[in-house]
Amino acid sequence: MPEMPEVQGLTSFLAGRAVGRTITRAAVSAISALKTYDPPIHALQNAEITASARLGKFVVLSCGDDLHLVFHLAKAGWLRWHETLPATLIRPGKSPIALRVALDDGSGFDLTEAGTKKSLAVYVARDPNDVPGIARLGPDPLDAAFTREAFAGLLEGRRTQIKGLLRDQGVIAGIGNAYSDEILHAARMSPYAIAAKLDDDEIGRLYAAMHATLTDAVAEASGKPPADLKDAKRRGMQVHARRGEACPVCGDTVRSVFFADRSMEYCPTCQTGGKPLADRRLSRLLK
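My aim in this report is to walk through the structure given alongside it, one point at a time. (Residues numbered from 1 in each chain as written. Predicted model: local features only at pLDDT ≥ 70, side-chain atom pairs only at ≥ 80, totals over all residues. Heavy atoms only, no water.)

**As for the overall build of the chain**
Condition: Counting from the N terminus, the helices are the DSSP runs of H or I reaching at least four residues and the strands are the DSSP runs of E reaching at least two. Each radius of gyration reported is based on C-alpha atoms, and the globular scaling rule is 2.2 Å times the count of residues to the power 0.38. Two residues form a contact once any of their heavy atoms are found within 4.5 Å. In these tables, accessible area is a Shrake-Rupley quantity obtained with a 1.4 Å probe, and a residue counts as shielded only by the protein chains included in the view. All tallies of charge rest on Lys and Arg as positive and Asp and Glu as negative; His and the ends of each chain are not included. Charge positions come from single atoms, namely NZ of Lys, CZ of Arg, CG of Asp or CD of Glu.
Helix and strand counts for the chain stand at eight helices and 10 strands. Its C-alpha radius of gyration of 20 Å places the chain within 12% of the 19 Å reference for a compact globule of 287 residues. Across its three principal axes, the chain shows a C-alpha extent of roughly 60 × 35 × 30 Å. The long-range share in the chain, meaning contacts at least 24 apart out of those at least 6 apart in sequence, stands at 64%. Summed over all atoms, the accessible surface of the chain reaches about 13,600 Å², with 51% contributed by carbon and sulfur. With 37 positive and 33 negative side-chain charges, the chain shows a separation of 8 Å between the mean positions of the two kinds.

**Side note on the pattern of salt bridges**
Here is the rule: The salt bridge definition used is simple: a Lys or Arg side-chain nitrogen within 4 Å of an Asp or Glu carboxyl oxygen. Working definition: with a 1.4 Å probe on protein chains only, accessible area under 20% of the residue-type maximum means buried, over 50% means exposed, and in between means partly exposed.
For the structure shown, the criterion picks out 16 salt bridges. With a closest N to O distance of 3.8 Å, Lys233 and Glu3 form a salt bridge. Pair noted here: Lys233 is in helix H7 (residues 226-236) and Glu3 is in the segment before helix H1 (4-17), with a separation of 230 residues, a long-range link. The two residues Lys233 and Glu3 agree in class, both being buried. We note a salt bridge from Asp110 to Arg100, for which the minimum N-O separation is 2.6 Å. Of this pair, Asp110 sits in strand E7 (residues 108-113) while Arg100 is found in strand E6 (residues 97-103), placing the two residues 10 residues apart along the sequence. The two residues Asp110 and Arg100 agree in class, both being buried. Ionic contacts of the salt-bridge type, sharing partners, join the residues Arg17, Arg21, Glu83, Asp104 and Asp105 into one network.

**As for the nonpolar core**
Stated precisely, the cut-off is as follows: Residue types Ala, Val, Leu, Ile, Met, Phe, Trp, Tyr and Cys, when buried and joined through side-chain atoms within 4.5 Å, form a set referred to as a nonpolar core.
Within the largest apolar cluster, 33 residues are counted, with the highest numbers of intra-cluster contacts made by Leu14, Leu44, Leu69, Phe71, Phe109 and Leu111. When contributions to this core are tallied by element, the ones reaching two or more residues are H1, strand E1 (23-28), strand E3 (58-62), strand E4 (68-72), strand E5 (77-82), E6, E7 and strand E8 (121-125). Counting residues in hydrophobic clusters, the runner-up holds 28 residues, among them Phe151, Tyr179, Ala193 and Ile203.

**A short note on the sheet that holds E1**
Under the convention used in this document: When DSSP finds two or more bridges between a pair of strands, those strands are recorded as paired. For helices, the fitted line uses only the C-alpha atoms of the stretch in contact; every axis is such a line through C-alpha atoms, and the angle between N-to-C directions lies from 0 to 180 degrees.
In space, the four strands of this open sheet follow the order E1-E6-E7-E5, with antiparallel pairing throughout. The sheet is open, and its two borders are formed by E1 and E5, each paired with just one other strand. For this sheet, the mean inter-axis angle between neighbouring strands, taken without regard to orientation, is 15°. Pairing geometry for E6 and E7, over five bridges, is antiparallel. Residue pairing for E7: Arg100 is matched across the bridge by Asp110. Taken strand by strand, H1 contacts E5 and E7, and its axis lies near 25° from that of E5.

**Description of the pairing of E5**
Look at any regular strand and the pattern is simple: side chains alternate between the two faces of the sheet. The buried fraction of E5 is high, at five of six residues. Here six bridges tie E5 to E7, and the two strands are oriented antiparallel to one another. If you follow His82 over to E7, its bridge partner there is Gly108.

**Quick word on helix H6 (residues 200-221)**
Cut-off, in case you're wondering: One less than the residue count of a helix, multiplied by 1.5 Å, gives the span that helix is expected to have. What the arc describes is the spread of directions from the helix axis to the C-beta atoms. We define a polar contact as two N or O atoms separated by no more than 3.5 Å, with the added condition that, inside protein, one atom must be a possible hydrogen donor and the other a possible acceptor, whereas residues neighbouring each other in sequence contribute only through side-chain atom pairs.
The end-to-end C-alpha separation of H6 is 32 Å, in line with the 32 Å expected for 22 residues at 1.5 Å each. When we look at burial in H6, the residues that qualify are Ile203, Leu206, Tyr207, Ala209, Met210, Thr213, Leu214, Ala217 and Ala221. Burial along H6 is one-sided: seen end-on, the buried residues are contained in an arc of 165°. Pointing more than 90 degrees away from the buried face of H6 are the exposed residues Asp200, Asp201, Asp216 and Ala219. Buried residues along H6 sit against H1, helix H3 (148-155), helix H4 (162-167), helix H5 (177-186) and H7. Two or three places before Asp201, at the opening of H6, Asp199 has a side-chain oxygen 3.2 Å from that residue's backbone nitrogen.

**Comments concerning the layout of surface pockets**
How we decide: In this analysis, the protein atoms alone were mapped onto a 1 Å grid. Cavities are point sets where a 1.4 Å probe fits without being able to get out; pockets are open sets with protein on both sides within 12 Å along at least five of seven lines; lining residues have an atom within 4 Å of a point. Grid points are joined across faces, edges and corners, and a volume is the space filled by probe spheres set on the points.
Of the voids in this model, the largest pocket is the one considered here, and its volume is about 630 Å³. Contributing to the lining of the largest pocket are 24 residues, with Met1, Pro2, Lys75, Lys233 and His240 lying nearest its centre. Among the secondary structure elements, those contributing two or more residues to the lining of the largest pocket are E5, H5 and H7. No other element matches the three residues that H7 contributes to the lining of the largest pocket.

**Remarks on the sheet that holds E4**
Reading across the sheet, the four strands line up as E2-E3-E4-E8 and stay open at both edges, with antiparallel pairing between neighbours. Of all strands in the sheet, those with a lone pairing partner are strand E2 (51-55) and E8, marking the two edges. Taking each pair of neighbouring strands and ignoring which way they run, the sheet shows an average axis angle of 20°. Summarising the sheet, E3 and E4 pair through five bridges and their orientation is antiparallel.

These figures come from the coordinates and say nothing about function on their own.
So, in structure tokens, the structure goes:
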């Protein structure tokens, strides 16, 4: 799933390549992806892209102040850029392409989604805050206003596991399954730790790990075209998706806990006092 660093990489790329260009065509080939009807998708035709921005995991392409193309790539979506847009006809239901956007210089992009679970979402809005997922976003973790004290305030009174809290877009925007694994590993903290029970040292350690992990990942994504962003993400992972490999810090074997549609990875030595976590969602450490 694309998370904040990759989405930031996409918006930066689009800022340099699509901003200033005029949309000549926007065609939806997976009708389930389009979540709005007013303004209609054809309102984008002949509109100039004036800005590219990220809000949480959402990409916002603005066409002036009152028309915005907003999309969320969900778990299996991606943006495929074409310097010369293919002329082939997209056959609905026969292609992974959900949306094609053509620009006035012959370039453009496709939004694609792999697999059978279709969660990619496209919106055309007069204001990005009209999009339900954006309206509920918590603070951006790399915003200068999101200080250690602000972070501590968010944790106060929350009797939820820290792994789930980091992934909650209504609490903190942009972090998903992969980077929450990486942040917790860097902070040497169990994913099952209860947010409200963290002491001052643990809060400081977690905040520093979050800031450093995301800052480094955004820097790594910066300047890369969409085709290179996924591989850059994989190369940067210390524990996520590395089950069975050696932890780069201590050499212990990276373990997984599996859920219905995802897994989380962690290092027992670095994070749980050497004890493996039971493989069910609300479990405590194995005795």
